[in-house]
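# Understanding the architecture of this molecule
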Amino acid sequence: MQTTQWDSLWINVHLATMAQQGGYGECTNGAIAIKDGVIAWLGKQADLPERSVDAANVFDGQGAWLTPGLIDCHSHIVYGGNRSNEFEDRLNGVSYEEIAKRGGGIVSTVTATRAASEAQLLAQSSVRVKRLLQEGVTTLECKSGYGLNLDTEAKILRVARQLGEHFPVRISTTFLGAHALPPEYAGQADAYIELVCEVMLPALVEQGLVDAVDAFCEKIGFSAAQTERVFQAAKRHGLPVKLHAEQLSDQGGAALTARYQGLSADHLEYLSDDGIAAMAEAGTVAVLLPGAYYFLRETKLPPLAGLRAAGVPIAISTDCNPGTSPMTSILLAMNMACTLFKMTPLEALQGTTCKAAKALGLSHSVGQLALGMQADFALWQVDRPADLSYAIGANPCSGVVFGGKLVASNRY
């Protein structure tokens, strides 16, 4: 009998495959085998083939629950500086407008990011990435948007790529040049959008730094017409789009994103029924960001019932950024999604695995435990998968496997 050589085999684990439409896809007393970085076999340990397979390495999961590696599908994790002073000022009664007049707000982050070297940005961002990795994150989206000029946007995206070289994490880069109006373009929004579309995006694409394109469609950001110009430019370069949409008001951004077959529309507190319908028809993912909702003390909830009823896929993310969601805990984001948005623990875990993969256009390779998928997974010392959303401040992650290799462990 010919022997099949597996690179590694994990036994004595319980699997939450997330490959089942209506549940966790649970397989208790299971095992999972890896060959060439992908999943080669999974199922009940009792069903392992006899004498027909061999594994170079066998790991005892010691009864851990095993899930796909978690996915943080919306982050601004590469930035310079710190805005805790503004947080303190706001709590002492200083208005956002006054802070902005002092050079605060996004302008302060842009100033700090422009001034930081690539090495400095990498060092600062590495601290944040390490925290996510410790909670089982193996895929991370990194947006630009704190440079607002070609050189700094390129610097941010280069650092994002370097994070994927320095750490065991899959990096998806998003160009967010249309994040805000830089000071040097005050009162010239259309001219700045022209720069984004005709100068910045082509140059960044040529450098191989862009996987997707995003914009901030809002009264304090860019209009739907300006956003559409960005989308048109992205499509000319064959890039998928996504959007910061309906966070503070309904600008029709979600429907616009759906019209361009966008990967996701994110935030969505002010999403309309028409926007929901458009997203459902296009298959556009709703990415909810409870950290920003919490930090800004927002009171209008995203329309979860409408999204559910329409069958819109719902993802959850940290929205890690210095101004509105300085959060580097995907587990806390899951808990907040349950407590603030009344999502279920199942929806929260789907939102950071299979649904988050769809929001990045990566459903073919990550987000589920299934034959042929990338062998990215996390091991958890919990009694049941719902525990991941339950315990505030707890981190039960006992091991992380990336591309089939054990890259982090405090137990195995």
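Since the structure is predicted, the reported quantities are computational estimates derived from the model, not experimental observations.

Cut-offs used in this document
- Residues numbered from 1 in each chain as written.
- Predicted model: local features only at pLDDT ≥ 70, side-chain atom pairs only at ≥ 80, totals over all residues.
- Heavy atoms only, no water.
- Helix = DSSP H or I, 4+ residues; strand = E, 2+ residues; numbered from the N terminus.
- Rg over C-alpha atoms; globule rule 2.2 N^0.38 Å.
- Buried < 20%, exposed > 50% of the residue type's maximum accessible area, 1.4 Å probe, protein only.
- Contact = heavy atoms within 4.5 Å.
- Areas by Shrake-Rupley, 256 points an atom, 1.4 Å probe, with all protein chains shown as cover.
- Lys, Arg positive; Asp, Glu negative; His and termini not counted.
- Charge placed at Lys NZ, Arg CZ, Asp CG, Glu CD.
- Pairing = 2+ DSSP bridges.
- Axes fitted to C-alpha atoms, helices over the stretch in contact; angles between N-to-C directions.
- Domains from an automatic or database assignment.
- Buried area = accessible area lost by both parts, 1.4 Å probe.
- Salt bridge = Lys/Arg side-chain N within 4 Å of Asp/Glu carboxyl O.
- Polar contact = N/O pair within 3.5 Å; in protein donor to acceptor, adjacent residues only side chain to side chain.
- Nonpolar A, V, L, I, M, F, W, Y, C, P; charged D, E, K, R; others polar.
- Core = buried A, V, L, I, M, F, W, Y, C linked by side-chain atoms within 4.5 Å.
- Parallel < 35°, antiparallel > 145°, perpendicular 65-115°, else oblique.
- 1 Å grid on protein atoms, 1.4 Å probe; cavity = no way out; pocket = protein on both sides within 12 Å on 5 of 7 lines; lining within 4 Å.
- Points joined across faces, edges and corners; volume = space filled by probe spheres on them.

### Some remarks on the overall build of the chain
Regarding its fold elements, the chain presents 15 helices and 15 strands. The globule rule puts the C-alpha radius of gyration for 412 residues at 22 Å, and the 21 Å found for the chain is close to it. For the chain, the spread of C-alpha atoms along the principal axes amounts to about 75 × 45 × 45 Å. Taking all 412 residues of the chain together, the buried fraction comes to 55%. Across the chain, every contact between residues at least 6 apart in sequence was considered, and the portion connecting residues at least 24 apart equals 71%. Accessible surface computed for the chain: about 16300 Å², of which carbon and sulfur atoms make up 50%. Averaging the coordinates of the 31 positive side-chain charges in the chain and doing the same for the 41 negative ones gives two points 2 Å apart.

### Some words on the pairing of strand 14 (residues 397-402)
Counting buried residues along strand 14, six of its six residues qualify, which places the element largely inside the surrounding structure. Note that strand 13 (residues 377-380) and strand 14 share four bridges and pair antiparallel. In the strand pairing of strand 14, A378 is matched with V400. With antiparallel pairing between neighbouring strands as the criterion, strand 14 and strand 15 (residues 405-409) make up a hairpin whose turn holds two residues, including G403 at a positive phi of roughly 60°.

### A short note on the sheet that holds strand 15
Within a sheet, adjacent strands bond to each other through the backbone by hydrogen bonds, running parallel or antiparallel. Sheet architecture is open: seven strands sit in the order 3-2-1-4-13-14-15, paired in mixed fashion. Only two strands of the sheet have a single neighbouring strand rather than two, namely strand 3 (38-44) and strand 15. Strand after strand, the sheet turns through a mean of 30° between neighbouring axes, direction not considered. The pairing of strand 4 (residues 53-68) with strand 13 spans four bridges and is classified as antiparallel. In the strand pairing of strand 13, L66 is matched with L379.

### Concerning the domain arrangement of the chain
Examined at the domain level, the chain breaks down into domain 1 (6-69 + 368-407) and domain 2 (70-360). Summarising the inter-unit geometry, the C-alpha centres of domain 1 and domain 2 are found 30 Å apart. Across the contact, 29 residues belong to domain 1 and 23 residues belong to domain 2. Considering only the surface of domain 1 that becomes buried against domain 2, M18, S389 and F402 emerge as the three largest contributors, covering 29% of it. Across the contact surface, domain 1 and domain 2 share one salt bridge. At the boundary of domain 1 and domain 2, one finds six residue pairs in polar contact (both at pLDDT 80 or more). Contributing elements (two or more residues each) for the side of domain 1 that touches domain 2: strand 4, strand 13, helix 15 (387-390) and strand 14. A breakdown of the residues in the side of domain 1 that touches domain 2 according to their chemical character gives 17 nonpolar, eleven polar and one charged.

### Digging into the nonpolar core
In summary, soluble globular proteins display a tendency toward joint burial of nonpolar side chains. In this structure, V210, L268, M279, L288, L307 and M343 are the most contacted members of the largest nonpolar core, which totals 51 residues. If you tally residues by element for this core, the top one is helix 6 (residues 189-206), at eight residues. What M279 contacts, discounting residues up to four positions off in sequence, is A254, A258, A265, L268, L271, T284, V285, A286 and V312. By size, the runner-up hydrophobic cluster in this structure holds 41 residues, among which are W65, V78, L121 and L133.

### Some remarks on the packing of helix 6 against helix 7 (residues 224-236)
Close contact between helix 6 and helix 7 brings their axes to 10 Å; oriented N to C, the two are set at 10°. Relative to helix 7, the element helix 6 is oriented roughly parallel. Between helix 6 and helix 7, the residues in contact are A189, D190, I193, E194, V196, C197, E198 and L201 and Q226, R229, V230, A233, A234 and R236, respectively. Among the residues making up the contact of helix 6 with helix 7, the classes are represented as eight nonpolar, one polar and five charged.

### Overview of the environment of L148
Mapped onto the secondary structure, L148 falls in the loop between strand 6 (137-143) and helix 5 (150-166). Note on L148: relative accessible area 2%, which makes it buried. Not counting the four nearest positions on each side in its chain, L148 is found in contact with V110, R114, E153, G177, H179, A180, L181, P182, E184, Y192 and M200.

### Here's the deal with empty space enclosed by the protein
Across all of its chains, the model carries two cavities of 30 Å³ or more by this definition. Contributing to the lining of the largest cavity are P68, G69, I71, T138, T139, V366, G367, Q368, Q374 and D376. For the lining of the largest cavity, the class distribution of residues is three nonpolar, six polar and one charged. Each of domain 1 (6-69 + 368-407) and domain 2 (70-360) gives at least three residues to the lining of the largest cavity. The calculated volume of the second largest cavity comes to roughly 30 Å³. As for the second largest cavity, its lining consists of I106, V107, V110, L148, A180, L181, P182 and P183. Residue composition of the lining of the second largest cavity, by class: eight nonpolar, no polar and no charged.

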